[in-house]
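So the chains spell out like this:
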Amino acid sequence: MYRTGAACCSGTKRQGYSNSVSNILFTFAFSLFTLITFAACEEPFNPIQHNDQYPFSIHGYLDASQDTNWVRITAVRDSLFLEEPAPLDAVVTLEHIESGESAVMNDSLFRYEGGYYAHNYWTDMKLEPEQSYKLTVQRSDGVESLATVTLPPDYPLPQIRPGRFNRDTLIVNNVQRLVDVRVLYDVYYHWSELTTSEDVLQKFTFKQQVETLSDFQHNQRRIMINVQFHLDAFPLIPIRHTIKKNEITVFSAGPDWIHFSDLDENLISLPEGASNIEGGSGFLIGVISKTIPGSQHPP
């Protein structure tokens, strides 16, 4: 299957709302979600130097909240995928450790902005909180790369508490590893006063700092969301615009998560860098995401 990646990078990045942790790990996989919305922002994984030790790189996450999960699989090589690649010599299997149930994942070839290609494997296998799953990528000669991850416990739906001066508070309860919070806006720019046929959709995604305030006694986290900061970041185009959708997504990770903020950004992408892939490179984690509507503020 051949698909074209969505253009999700039309939003504006601002200092303080960008985190190398998620830009490297989550956009590798969130890129798969925004095919679903996020993913077309990042280039496919490309090792800096040739290494025959690792047949595959695996980047992504398994989310119990999603009906379909996507994982990017790349044959480790020393060149960029600037031309449409041949079918990947790989069979990708996802196994539920506790029950032994397994599913063969489906390959989809995506073309991203900039002309890059990537193989994104997907499955609609049902995933459960606090369960372990093994993802195996096997080549026809029997060589394989694999990863085993455990999903986190489920948690209540987060709540948004509107505040004064376009500053809101996001309340997240009973999450041990809160690893990412994103605020998404769908903004339509109206190029004509007389018709909506020329309206142009732009998507803006803002990453929030997740360690703002914590009440460990009540296992509660409070994330401050400066909506005015977001509104000010929209392009200053002298035409009307309408915010059609405002959503907040929270991600809780399982025990396989590591604190990438202490690691060098380039090290994470190297085969010798931080990885939980056996016989390969990259990173796979288990998460549970929750999405709620953001509070409504005037543009």
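For the structure itself, look to the data block above.
Residues numbered from 1 in each chain as written. Predicted model: local features only at pLDDT ≥ 70, side-chain atom pairs only at ≥ 80, totals over all residues. Heavy atoms only, no water.

1. Remarks on the nonpolar core
Within soluble globular proteins, side chains that are nonpolar tend to cluster in buried spots. Formed by 44 residues in total, the largest nonpolar core has its most connected members in Ile 73, Leu 135, Leu 170 and Leu 284. With six residues, the single largest contributor to this core is strand β12 (residues 178-190). Contacts of Leu 170, omitting those with residues within four sequence positions, involve Pro 158, Gln 159, Ile 160, Val 181, Arg 221, Arg 222, Ile 223, Ile 225, Ile 248, Val 250 and Ile 292. Listed in part, the eight residues of the second largest apolar core include Ala 253, Trp 257, Ile 285 and Val 287. (Core = buried A, V, L, I, M, F, W, Y, C linked by side-chain atoms within 4.5 Å. Buried < 20%, exposed > 50% of the residue type's maximum accessible area, 1.4 Å probe, protein only. Helix = DSSP H or I, 4+ residues; strand = E, 2+ residues; numbered from the N terminus. Contact = heavy atoms within 4.5 Å.)

2. What to know about the sheet that holds strand β9 (residues 144-150)
Taken in spatial order, the four strands make up an open sheet running β5-β4-β8-β9, and their pairing is antiparallel. The open sheet has two edge strands, β5 (102-104) and β9, and neither has a second partner. Pairwise comparison of adjacent strand axes, ignoring direction, gives a mean angle of 15° for this sheet. Across seven bridges, the pairing between strand β8 (residues 132-138) and β9 is antiparallel. Of the residues in β9, the one forming a bridge with Ser 132 is Thr 150. (Pairing = 2+ DSSP bridges. Axes fitted to C-alpha atoms, helices over the stretch in contact; angles between N-to-C directions.)

3. Details of the environment of Val 76
Note on placement: Val 76 falls in the loop between β3 (69-75) and β4 (91-96). For Val 76, a relative accessible area of 14% corresponds to the buried category. As a C-alpha pair, Val 76 and Phe 56 span 20 residues in sequence and 5.2 Å in three-dimensional space.

As far as function goes, none of this settles anything; it's purely spatial.
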